[in-house]
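# A look at the structure
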Amino acid sequence: MIHDYHELIKKIANYDRCHAGPEMDAAYDEVMKYYVGARKIQYPSGQKIYHWELPPYWTCEKAELVDPNGKVIISKENSNLAVFSYSPAFSGKVSLEDLKPHLFTNPKKPKAIPFHFRNQYRHKNPEWGFCLPYEVYENLSPGEYTVLIDSKFDYNGMVTQVDYHKEGQSKKEIIFVGHFDHPDQINDGLSGCIAAFEVIKRLQNRKTKYSYRAFASVEIVGSAAYLHNENGFSENIKAGTFLAIAAINQPLIYQSSFYNKNILDRAFANVINTRGNKDVVFSHREKIGNDENVFDSVGYEIPMGTFLRWPFENYHTSDDNFQNYSKEAMEELIERTMQVIDIIENDCIPVANFKGIPSLASPEIDLYLSPTNISQTKNTSAVEKYGDKLTAEDCEYIQGETDLLYHFMRITLRMIDGKHTLLDICEATKMPFNFAFWYIKQLESKGLVSLKDVEHL
C-alpha cells in the first residue's frame, strides 16, 4: 500500500513511461489508485490534430547490445533509457563503424545514460539505437557487435492520459499540467505531474470559488489532443500553470504566460518574489519549454506560465533519479502553489467605511502594526497577535525591512477606495498576500472596510 505521494513517485519512476505503451498505462493506473476520482482518457493512435499525429502503442520486450567479446554493453533490463524510446526492432551483427550512428551519448554527463526521445515525435520513420554513458562509448573496441531489439508498434492502439478535477462554485477553471512521460526520470515531468495532482487532492474538501484541474500529459502531442478532444470543458479553462522539476535543491522560478497579463503571473510573483528584487521571474519559456505553449497558443489563448526549479543539471539523463529527489523541495513547490490559489480565491476589493484616516492604535481598533510585535519582543507572540496566516517566513521577511509595516499601513488606508484589489495593494507595498489578507479581514471585523468580490478569470 502506498502511504504518500513520495512513495508513489518512487514506485513508478522506473516504469517505461514512453508516449504510449504497457508500462505507461500501468503507471497511470497507479496514479488513479492513489488519487481516487482521477479520470483516465484515451484517444486512438493515428488521430491527427493540426498536423500532429498521436503515436502508436510501443512495446519493447528486450534490447541488448553485446560487444565482440560477448560482454553485454547495455541492456534495457537494467535501464529503460538503454534503448531509443520507440526504437523499431532490429537484430544482427554490426561493425563498430556502422554501429556508432545508432549510439547516443552525452559528453557533459560522462557517467550517465542520456534519454533519446525524438522517435516519439518521428514515429513514422524511427531509428533503432542505444544510449550509452560517454565513458563507455569512448572505450568501445573495434569489431563486430551483436544487436537485439525486440520491439513492435500497434497502430490500432490507444494513447492514455489522466486528469483530476475539483469542482468549484464557478465552472471557470484553472489547470495545472505536467508531462508524465520520460522513462526512468523523476524531476523532468513526473514530479510536476504529482505536484499538480497533490494540489487538487488538497482542494477536494475545500469550498472554492473557481474549479481546478490537474492534467498528466503525454508531452506536447498529448496536450494538443486533450484540448482538441475535450472541448466540452476545455473552453472553461481560463488560465493554467505548467509544474516541473519540482524536487531538486535549486531555486524556485516562474516563467510568465506569453502576454504576462494573467492573474497567475501576478500571484506567483507575489509568492516567490514579494519584494521584486530577486532574479526568479522570467519571460515566457525563457529558460525551458514544455506543454504551456500548447495551451497558451493561437486559438486557445489560455494564459499559461511555468513554475519550476532551475537550473537542472541532470536533464534527460539517468541521474534524474530518486537519489537526487528532495522531499522538502517537492513539498515547498506544492505549498507555494497552494498559496497562489489562496490569492486567486481570496483577492477582493476593499472599500473604506470611513473618511480621512482612522486611528489604528485606538483601543477600539488596535490594528497598528509594529515591527516589535512581529519580532516577538513583547509578551504576545506574533502568531497570537496576527493569526495563523503569519508564517515564520513572513516574520523573517517583515523583520528584514523595518519600514515595511508602516508603509503597508499608510498605503492600505489610501488604496481602500474601491478602485484597487488587495493584490494591487500587496504589489504597491511589497507585502505577502497571506498577511495582507489577514490584516484586511481584521479591518473588516472592526467595521472599517467592506470587501467586494473580484472576478479574475
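You'll find the structure just up there.
The paragraphs below set out a description of the structure included in this document. (Residues numbered from 1 in each chain as written. Predicted model: local features only at pLDDT ≥ 70, side-chain atom pairs only at ≥ 80, totals over all residues. Heavy atoms only, no water.)

## Here we look at the pattern of salt bridges
- In the structure shown here, the tally under the stated rule is 23 salt bridges.
- A salt bridge links Arg 39 to Glu 230; the shortest N-O distance between them is 3.3 Å. Of the two residues, Arg 39 sits in strand β1 (residues 39–44) while Glu 230 sits in the loop between α6 (221–229) and α7 (231–234), which places them 191 residues apart along the sequence.
- On the basis of relative accessible area, Arg 39 is assigned to the partly exposed category, the value being 32%. (Salt bridge = Lys/Arg side-chain N within 4 Å of Asp/Glu carboxyl O. Helix = DSSP H or I, 4+ residues; strand = E, 2+ residues; numbered from the N terminus. Buried < 20%, exposed > 50% of the residue type's maximum accessible area, 1.4 Å probe, protein only.)

## Examining the packing of aromatic side chains
- This model, assessed by the stated rule, comprises 24 aromatic pairs.
- Ring centres of Tyr 254 and Phe 268 lie 4.8 Å apart, and the angle between their planes is 10°; this geometry places the pair in the stacked category. Placement of Tyr 254 in strand β14 (residues 252–255) and of Phe 268 in helix α8 (residues 263–272) is noted, with a sequence separation of 14 residues between them.
- Ring centres of Trp 438 and Tyr 439 lie 6.4 Å apart, and the angle between their planes is 45°; on these two criteria the pair is classed as tilted. There is no split in this pair, since Trp 438 and Tyr 439 are both buried.
- Taken together, Tyr 34, Tyr 35, Tyr 164 and Phe 197 form an aromatic cluster joined through their ring pairs.
- Above the face of the Phe 180 ring, Arg 17 is positioned so that its terminal group lies 5.9 Å from the ring centre. (Phe/Tyr/Trp six-rings, centres within 6.5 Å; stacked < 30°, edge-to-face > 60°. Lys NZ or Arg CZ within 6 Å of the ring centre and 35° of its normal.)

## Quick notes on the packing of α8 against helix α15 (residues 422–429)
- Running from N to C, α8 and α15 cross one another at 45°; their axes reach a closest spacing of 11 Å. Between α8 and α15, the angle is such that the two are oblique. Seen from above, α8 lies across α15 with left-handed handedness. Here α8 contributes Ile 263, Arg 266 and Asn 270 to the contact with α15, which in turn contributes Leu 423, Asp 424, Cys 426 and Glu 427.
- Residue composition of the contact of α8 with α15, by class: 3 nonpolar, 1 polar and 3 charged. (Axes fitted to C-alpha atoms, helices over the stretch in contact; angles between N-to-C directions. Parallel < 35°, antiparallel > 145°, perpendicular 65-115°, else oblique. Left-handed = near helix turned anticlockwise from the far one by under 90°. Contact = heavy atoms within 4.5 Å. Nonpolar A, V, L, I, M, F, W, Y, C, P; charged D, E, K, R; others polar.)

## Re α8
- Counting buried residues along α8, 8 of its 10 residues qualify, which places the element largely inside the surrounding structure.
- Within α8, burial applies to Ile 263, Leu 264, Asp 265, Ala 267, Phe 268, Asn 270, Val 271 and Ile 272.

## Observations regarding helix α14 (residues 404–415)
- With 12 residues, α14 extends 16 Å between its outermost C-alpha atoms, agreeing within 8% with the 16 Å of an ideal straight helix rising 1.5 Å per residue.
- All buried positions along α14 are accounted for by Leu 404, Leu 405, Phe 408, Met 409, Thr 412, Leu 413 and Met 415. (Expected span 1.5 Å × (residues − 1).)

## Remarks on the sheet that holds strand β15 (residues 281–282)
- Pairing is mixed in the open sheet, where 8 strands are placed in the order β1-β10-β12-β11-β13-β16-β14-β15. Each edge of the open sheet carries a strand with a single partner, namely β1 and β15.
- One ladder, built from 5 bridges, connects strand β13 (residues 237–244) with strand β16 (residues 304–309); its direction is parallel. Counted as the bridge partner of Gly 240 is Met 304 from β16.
- Lying over the sheet, helix α2 (residues 22–34) contacts β1, β10 (158–166) and β12 (211–217), oriented at roughly 15° with respect to β10.
- Along the sheet, helix α10 (residues 327–346) contacts β11 (173–179), β12, β13, β14 and β16; its crossing angle with β16, the most-contacted strand, is approximately 150°. (Pairing = 2+ DSSP bridges.)

## Looking at the pairing of β11
- By the criterion of burial, β11 is predominantly enclosed, with 7 of the 7 residues buried.
- Side chains of β11 alternate between two faces, with Glu 173, Ile 175, Val 177 and His 179 and Ile 174, Phe 176 and Gly 178 buried alike.
- With helix α5 (residues 190–203) bridging β11 and the parallel β12, this β-α-β connection has right-handed handedness.
- Here β11 pairs with β13 via 5 bridges, running parallel. Its bridge partner being in β13, Val 177 is matched across the sheet by Phe 242. (Right-handed = clockwise from strand over helix to strand, strands pointing away.)

## Here's the deal with the packing of helix α1 (residues 5–12) against α5
- Orientation of α1 relative to α5, taken along the N-to-C sense of each, is 150°, at an axis distance of 11 Å. With respect to α5, the axis of α1 lies roughly antiparallel. Remark: the crossing between α1 and α5 carries right-handed chirality. Contacts from Tyr 5, Leu 8, Ile 9 and Ile 12 in α1 reach Leu 190, Ile 194, Glu 198 and Arg 202 in α5.
- Each residue belonging to the contact of α1 with α5 can be placed in one class, and the counts come to 6 nonpolar, no polar and 2 charged.

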